[in-house]
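# Overview (structure and organization)
Below are the chains, spelled out letter by letter.
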Amino acid sequence: MIRPTRMQKQQSITVTAVTALALFSLAACGTESTSTAGAGGDGASVRESALTGVRWHLESVTVDGRRTAGVAGTSVEFGDSTRATLATGCDEYAVDVSVAGDTVTVGGKRATATALCTMDLDALDKALDEAFTGKLTAKVAGDRLTLTSSDGDVLALTSGSPAPLTGTKWTVNALASDGSAARLPAGTDGSATFTLGTDGSVRGDLGCNGFSARAKVAGDTITFSRVISTKMACSGPRSAVERHLTKVLRGTVTYDLNHGGLWLTGEDGGLAALPAPKG
């Protein structure tokens with residue numbers, strides 16, 4: 001769906017945290033519905049009702065054996081057996097589809113909203129374009145959907161209720177600054193996390209050091225107190241992630257919960273995060 005609230009925010013702030021494809025590792029996320037009526041428990045059979053009316057959040061896409069994680073906001077929603085909406089995090093497309101049994105045939109894609117974020121997602125966009133096309137075999141098992149091509153390319157997606165702002169362990173998977181955003185540096189995936197407690201506490205990991213702070217939520221903003229962290233020496237990519245998060249998690253930032261992801265945007269940059277995998 002087109003996200004006018006984010007587009008409006010982009011007009012008033014320098015850096016806007018992405019709207020979905022986390023970056024994030026699409027961890028167990030999703031959004032508006034968990035309907036899986038008609039799907040076999042083992043995912044062996046799929047009816048149209050198991051696919052439609054559900055916002056399927058992209059966990060990952062694998063093309064030619066290369067896996068690319070989704071980001072906050074990357075999703076597919078089947079409106080009915082003839083149309084779907086693909087959100088890549090930065091762009092949205094109306095897609096012609098045909099659902100027959102466990103076969104989903106994906107046809108033409110037409111852009112309906114573009115430049116919803118400034119993140120460089122070329123690799124993810126390319127992988128999605130290659131994998132989400134032609135005839136795909138669909139399997140639904142609980143809140144998980146897999147779409148597999150005859151070449152073995154796979155889209156792994158999840159559904160579920162949107163994660164609440166408080167009480168959720170958020171895993172950072174993208175950083176934004178100076179009008180652009182990118183995934184975390186290689187080797188740092190999953191290193192930065194935080195949880196906002198219902199009591200106003202904030203605890204997590206900055207990428208190297210653990211930290212704590214206080215936070216006050218009002219409207220669409222969060223005001224953070226001074227971050228207190230451990231003093232372990234950090235270097236390289238983890239240090240870079242830590243420096244960035246320390247800048248973002250201070251003062252008042254704007255937050256946006258959308259398509260299962262969380263975006264924080266402040267004067268000194270932004271971040272995108274997804275709920276940490278359960279288990």
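In this text the structure is predicted, and so the values were computed from the model without any measurement.

About the criteria used
- Residues numbered from 1 in each chain as written.
- Predicted model: local features only at pLDDT ≥ 70, side-chain atom pairs only at ≥ 80, totals over all residues.
- Heavy atoms only, no water.
- Helix = DSSP H or I, 4+ residues; strand = E, 2+ residues; numbered from the N terminus.
- Buried < 20%, exposed > 50% of the residue type's maximum accessible area, 1.4 Å probe, protein only.
- Core = buried A, V, L, I, M, F, W, Y, C linked by side-chain atoms within 4.5 Å.
- Contact = heavy atoms within 4.5 Å.
- Disulfide = S-S within 2.5 Å.
- Salt bridge = Lys/Arg side-chain N within 4 Å of Asp/Glu carboxyl O.
- Pairing = 2+ DSSP bridges.

## Observations regarding the overall build of the protein
- When you go through the protein residue by residue, the secondary structure sums to four helices and 19 strands.
- Per-residue burial for the protein yields a buried fraction of 50% across its 279 residues.

## Some remarks on the nonpolar core
- Counting residues in each nonpolar core, the largest one holds 29 residues, and the members touching the most others are Phe78, Phe132, Leu145, Leu147 and Leu155.
- Beyond its immediate chain neighbours, meaning those up to four positions away, Phe132 contacts Val76, Leu86, Val95, Val106, Lys109, Leu147 and Leu155.
- Counting 27 residues, the second-largest nonpolar core is a separate cluster that includes Val202, Ala215, Phe224 and Leu264.

## Focus on the state of the cysteines
- Under the criterion given, the structure shown has one disulfide.
- Each sulfur in the disulfide pair Cys208 and Cys234 lies 1.9 Å from the other. Disulfide Cys208-Cys234: torsion about the S-S bond near -90°, hence left-handed. Taken as a pair, Cys208 in the loop between strand 13 (201-206) and strand 14 (210-218) and Cys234 in the loop between strand 16 (228-229) and helix 4 (236-248) lie far apart in primary sequence, 26 residues in all.
- Overall, Cys234 belongs to the partly exposed group, its relative accessible area being 23%.

## Notes on the pattern of salt bridges
- Applying the stated rule across the entire model yields five salt bridges.
- Here Arg110 ties to Asp96 by a salt bridge, and the two come within 3.1 Å at their closest N and O atoms. A residue pair is termed long-range when its members are at least 10 positions apart, and Arg110 in strand 6 (residues 103-113) and Asp96 in strand 5 (residues 92-100) qualify at 14 residues.
- A salt bridge links Asp129 to Lys109; the nearest nitrogen and oxygen atoms lie 3.8 Å apart. Here Lys109 lies in strand 6 and Asp129 lies in helix 3 (residues 122-131), a separation of 20 residues in the sequence.

## Quick look at the environment of Leu262
- By the secondary structure assignment, Leu262 is in strand 18 (residues 261-266).
- Accessibility expressed as a relative area gives 0% for Leu262, which makes it buried.
- C-alpha separation for the pair Leu262 and Gly73, spaced 189 residues apart in sequence, amounts to 8.9 Å.
- Contact partners of Leu262, with chain neighbours within four places excluded, come to Leu165, Trp170, Phe194, Tyr255, Asp256, Leu257, Leu271, Ala272 and Ala273.

## Description of the environment of Thr74
- Position of Thr74 among the secondary structure elements: in strand 3 (residues 74-78).
- Looking at Thr74, the relative accessible area reads 0%, which means it is buried.
- For the pair Thr74 and Arg55, spaced 19 residues apart in sequence, the C-alpha to C-alpha distance is 9.9 Å.

## Let's talk about the pairing of strand 2 (residues 66-69)
- Note that strand 1 (residues 55-63) and strand 2 share four bridges and pair antiparallel. Counted as the bridge partner of Val61 is Thr68 from strand 2.
- The hairpin formed by strand 1 and strand 2 contains two residues between the paired strands, and Asp64 there has a positive phi angle of roughly 55°.

## Let's talk about the pairing of strand 12 (residues 192-196)
- Counted residue by residue, strand 12 has four buried out of five residues, so it is predominantly covered.
- Looking at chain direction, strand 10 (residues 169-177) and strand 12 are connected through three bridges and run antiparallel. Each bridged residue has a counterpart across the sheet, and for Thr171 the counterpart in strand 12 is Thr193.
- For strand 12 and strand 13, the ladder comprises five bridges, and the chain directions are antiparallel. The residue of strand 13 that forms the bridge with Thr193 is Asp205.
- Counted between consecutive antiparallel strands, the loop separating strand 12 from strand 13 contains four residues, among which Gly200 sits at a positive phi close to 90°.

## Concerning the side chain of Thr68
- Note that Thr68 resides in strand 2.
- Given the relative accessible area of 13%, Thr68 is considered buried.
- Non-local contacts of Thr68, meaning those with residues more than four positions away in its chain, are made with Ser60, Val61, Leu124, Ala127 and Arg183.

## Considering unusual backbone geometry
- Residue Asp64 is not a glycine yet carries a positive backbone phi of 55°.
- As for its position among the elements, Asp64 is in the loop between strand 1 and strand 2.

## Some words on the environment of Pro277
- With respect to the helices, strands and loops of the structure, Pro277 is situated in the segment after strand 19 (269-275).
- As a C-alpha pair, Pro277 and Thr171 span 106 residues in sequence and 8.8 Å in three-dimensional space.

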